[in-house]
Each structure stands twice: as structure tokens, then as C-alpha cells.
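Chain residues, written in single-letter form:
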Amino acid sequence: MNINIKKLNKVVIFGVGLIGGSFALALKKHAAVKHIVGVGRSQSSLARAVTLGIIDVACSNLADALDGADLLLIAVPVAQTESIFHAIYPYLQKQTIVTDAGSTKGDVIAAARRILAEKIGQFVPAHPIAGAEHSGPEAAMVDLYQGKKVVITALPENTHSALHLVASVWQGCGAIPHYLNSEQHDQIFAAVSHLPHVLAFALMNKIAEQPEADLYFQYAASGFRDFTRIAGASPEMWRDITMANRDVLQAELVQYQAQLQQISVALRQANSDQLLAIFSKAQAARQRLICSSS
Ligand code: NAD
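Here the structure is a predicted model, which means the values were calculated and not measured. Within each chain, residue numbers correspond to sequence positions counted from 1 in written order. For this predicted model, a pLDDT threshold of at least 70 governs which residues receive local features, and a threshold of 80 or more governs which side-chain atom pairs are given and counted, while totals over whole chains, interfaces and linings are taken from all residues. Computation of side-chain values: all heavy atoms of the structure, hydrogens and water removed.

Okay, the overall build of the protein chain next. Each helix and strand in the protein chain was counted, giving 12 helices and 9 strands. Its C-alpha radius of gyration of 21 Å places the protein chain within 12% of the 19 Å reference for a compact globule of 294 residues. In terms of its C-alpha atoms, the protein chain occupies a principal-axis envelope of roughly 70 × 40 × 40 Å. Taking all 294 residues of the protein chain together, 44% fall into the buried category. Whether two residues touch is decided by their heavy atoms; if any such pair falls within 4.5 Å, the residues are in contact. Counting only contacts in the protein chain whose residues sit at least 6 apart along the sequence, the fraction spanning at least 24 positions is 77%. Here the open area of atoms and residues is found with the Shrake-Rupley method and a 1.4 Å probe, where only the protein chains shown may cover a residue. For the protein chain, the exposed area adds up to about 15300 Å²; of that, 56% sits on carbon and sulfur atoms. Here the protein chain contributes 24 positive and 23 negative side-chain charges, whose respective centroids are spaced 5 Å apart. A run of H or I in DSSP becomes a helix once it reaches four residues, and a run of E becomes a strand once it reaches two; helices and strands are each numbered from the N terminus. In this treatment the radius of gyration is a C-alpha quantity, and the globule benchmark scales as 2.2 Å times the residue count to the 0.38 power. Any residue under 20% of the maximum accessible area for its type is buried, any over 50% is exposed, and the rest in between are partly exposed; the area is computed with a 1.4 Å probe on protein chains only. For this count, His and the chain ends are skipped, Lys and Arg are scored as positive, and Asp and Glu as negative. Charge placement uses NZ in Lys and CZ in Arg. For Asp and Glu, CG and CD serve respectively.

See below:
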């Protein structure tokens, strides 16, 4: 792999879970950083991250943590991001570039503008399109970002060198930088990520709440397991994502309900041609998706 990044002296990661921990492991694998400092909410989780060799040290003193940092990654549930901007603002030195991994961008950027104020150019918003339904430092994977996209929603205030640093660090982790504006990002991910997660949560609850749910689950085979895998994801993370992008997500849900309604009408009318047409159209779209991503 082409590791086209300058070696960083110090990287600080807020939230050493799946995303932050995988970022740290990838940087370490490619010897792209001398020193990784972890900052977190739970001291036991940070201690675990040190034991697992994900971070070099856990730090609770922000002045010390941020002193001399080249890069700071915020990888916490998105509703926590604003409090982190508040906490870092007094200690954020001129040379430090801040980036994030949040799954929503409009809310994170609005918080950054409010709190980082004249330092906003130092914040380069990003979202790695890689993940899993597991959480915490134990879930971190060194190759999580290999061959995956990272969407950078650049701000007009970002300098070329700040953008280059963030893009090249993600490339160093194996990711492929893509660029969207924050509105495009939140619209697209409402459709292809937030909506499917909500559907998976709803389907799990629908079956779990019915009488004899255990009997039903005994017969839930690979199709059901594929469809609901993402319902195993962190409820806190998904509460924050869906709240942050709720207006766009609600519009997606309305469109999805219209699709369900078409199927419901076809079933009520015993319209087999209509069902065949609906399913054939979906199958063709799915085949195009698989071809375009292989
Ligand atoms: P995670 O639960 O594995 O890790 C989050 C970590 O943040 C935990 O260690 C938690 O203790 C810590 N934390 C929470 N609040 C904090 C605070 N105020 N200060 C410091 N640390 C705090 O979650 P994750 O999957 O790594 O997700 C992190 C971010 O990445 C989220 O914003 C999520 O939307 C985004 N993201 C997740 C995925 C995914 O598939 N999991 C993919 C792309 C982006």
C-alpha cells in the first residue's frame, strides 16, 4: 500500500472505540505516528485500550493531551461532539488539525462553528464509510478502513494543507477520500444508512414484541439475520444519529412507507403482476448495485 503521509508526532483520539481504536491501530501499523494519546469517558475502557496496544497513553488532563498535537480525531457518539469542542477550545494550538468521524455532518459542523469560532479553519469534518455493529476498544480492527471510502465535507475556511493532512492520514489507514458537502452527505446517508438501521431496529422489535417470539426467532434464518445484523449496533450512537438527522430521515421514512403501501395494495388486490413488477425492479437495482461495487 502507498503510505503517502508525513510522520506525525502526536495524535489525540477522543473516543477510543471501534472507529477511534481502528484509526489508532492503522496508524501504528504503518508507523505513521510516534505517540497516540487517548481521551475518553470511561477510564476502564481507556485502560483496556492501553492494554490492547491501541493507544500509548490515556490522558485526562486536556492541556497536557493537546500540547504539541498534530492531529485530533473526535470519534464519539455525535451528540457528545459539542461538549468536546467546548473542552478543547482553550487548549487548541495553532498547528493542531481537528477532524471527526461522526456519521452526521450538519449538526457537527454547526456545533463547530458555534464553539470553535475563529479556529473553525482547523476543523476538517469527515466520516469514514466503514464500521460494524460492535462497539468499544475490543471491537477495533487494524484493517477496518482498508479500501473503504472516507467522506470529507470540507469547509471554506479549511486550508489546503489542513485538507491534505486529513486526506493523507486517512489514505495512510487504507481509506479512499471522497468529497461531498454536508447537505449532500446527510441526505445520502439518511437514505442508505440511517433508514436501513431504523428499519432493522423496527423489524427486530416487531417480532420480539409478538406472542411466541422465541419460537419465531428459532426459525429466523440467514435472510432475517442479514436484514437485522445492523440492529445489533449501539443504541446510543443510533439515537444520536437519528436525532441529528431527524428531518431528512423522516422524509425518507415517508417515501419508504409509500413503497410499503404499494405492496400492501397489490396484496390486497391479489395483483400478482404488480408484485412481480415491484420485486423485479428491486432485483435489477440490487444487481446494478452489486456490479457497480465489485
Ligand atoms: P464506540 O461506542 O465503539 O466508541 C465510542 C467511544 O467514545 C467509546 O469508547 C466511549 O466511551 C467514548 N465516548 C463517549 N462519549 C465520550 C466523551 N464525551 N468524551 C470522550 N469519549 C467519549 O462507537 P464507534 O462505533 O467508534 O462510533 C464513534 C463515532 O463514529 C460515532 O460518531 C459514529 O456515528 C461514527 N461512526 C460509526 C460507525 C460504525 O459503524 N460504528 C461508522 C462510521 C462512523
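On we go.
To estimate how far a helix should extend, the number of its residues minus one is multiplied by 1.5 Å. A rise of 1.5 Å per residue sets the reference length of helix 1 (residues 18–29), with its 12 residues, at 16 Å; its end C-alpha atoms lie 16 Å apart and thus fit the reference within 8%. For helix 1, the secondary structure elements touched by its buried residues are strand 1 (8–14), strand 2 (33–39), strand 4 (71–74), strand 7 (126–128) and helix 6 (160–172). Phi turns positive one or two residues past the end of helix 1, at alanine 31, with a value near 50°.

All right, on to the layout of surface pockets then. Space inside and on the surface of the protein is sampled on a 1 Å grid over the protein atoms alone, with a cavity defined as a set of points where a 1.4 Å probe fits but cannot get out and a pocket as an open set with protein on both sides within 12 Å along at least 5 of 7 lines; lining residues have an atom within 4 Å of a point. Grid points are joined across faces, edges and corners, and a volume is the space filled by probe spheres set on the points. One number sums up the size of the second largest pocket: a volume of about 190 Å³. Lining the second largest pocket are Val198, Leu199, Ala202, Leu203, Phe227, Leu253, Tyr256, Gln257 and Leu260. A per-class count over the lining of the second largest pocket returns 8 nonpolar, 1 polar and no charged. Each residue gets one label: Ala, Val, Leu, Ile, Met, Phe, Trp, Tyr, Cys and Pro are nonpolar, Asp, Glu, Lys and Arg are charged, and the others, such as Gly, are polar.

What makes a residue near a molecule or strand is one non-hydrogen atom of that residue sitting within 4 Å of it. Inspection of the region around the ligand gives 26 residues, with Ile19, Val76, Gln80, Ser103 and Gly136 positioned closest. Contact between the ligand and arginine 41: a nitrogen atom at 3.4 Å from a side-chain N or O atom of the residue. Any pair of nitrogen or oxygen atoms within 3.5 Å is treated as a polar contact; in protein, a donor-acceptor pairing is required on top of that, and neighbouring residues in sequence qualify only through side-chain atoms on both sides. Within the side chain of glutamine 80, an N or O atom sits 2.9 Å from a nitrogen atom of the ligand. Relative to its unbound accessible area of 830 Å², the ligand is 88% covered by the protein chains. Listed by contribution, the elements that provide at least two residues to the shell around the ligand are helix 1, strand 7 and helix 10 (235–244). Of the residues that constitute the shell around the ligand, the class distribution is 15 nonpolar, 10 polar and 1 charged.

Moving on: the nonpolar core. Membership of the largest hydrophobic core comes to 41 residues, with the highest contact counts inside it found for Phe23, Leu27, Leu71, Tyr145 and Trp170. Every element with two or more residues in this core is listed here: strand 1, helix 1, strand 2, helix 2 (43–51), strand 4, strand 8 (149–152) and helix 6. Look past the residues within four positions of tryptophan 170 in its chain and what remains in contact with it is Phe23, Leu73, Ala126, Pro128, Tyr145, Val150 and Ala175. For the purposes of this section, nonpolar cores are sets of buried Ala, Val, Leu, Ile, Met, Phe, Trp, Tyr and Cys residues that join through side-chain atoms within 4.5 Å. In terms of nonpolar packing, the next biggest core, distinct from the first, is built from 30 residues, Ala65, Phe85, Leu116 and Trp238 among them.

What follows deals with the pairing of strand 9 (residues 176–179). At least two bridges found by DSSP between two strands are what make those strands a pair. Taken together, the 4 bridges between strand 8 and strand 9 define a ladder with parallel strand orientation. Counted as the bridge partner of lysine 149 is isoleucine 176 from strand 9. Handedness of the crossover is the feature at issue here: the chain leaves strand 8, passes through helix 6, returns alongside strand 9, and the resulting connection is right-handed. Classification remark: right-handed applies to a crossover when, strands pointing away from the viewer, the course from the first strand over the helix to the second runs clockwise.

Quick look at the sheet that holds strand 3 (residues 57–58) now. Reading across the sheet, the 6 strands line up as 3-2-1-4-5-6 and stay open at both edges, with parallel pairing between neighbours. Of all strands in the sheet, those bounded by a partner on one side alone are strand 3 and strand 6 (123–124). Relative to strand 2, strand 1 is paired through 6 bridges, and the arrangement is parallel. What sits directly across from valine 12, in strand 2, is valine 37. Where helices are involved, their axes are fitted lines through C-alpha atoms of the stretch in contact, as for all axes, and angles between N-to-C directions lie from 0 to 180°. Against the sheet, helix 4 (residues 81–88) touches strand 1, strand 4, strand 5 (97–100) and strand 6, its axis set at about 155° to strand 4.

Further remarks concern the pairing of strand 1. Burial analysis of strand 1 places 6 of its 7 residues in the buried class, which makes it a mostly covered element. As for the winding sense of the linkage, the β-α-β connection from strand 1 through helix 1 to strand 2 is right-handed. By the bridge criterion, 4 bridges tie strand 1 to strand 4 in an arrangement that is parallel. Bridge pairing in strand 4 places isoleucine 13 opposite leucine 73.

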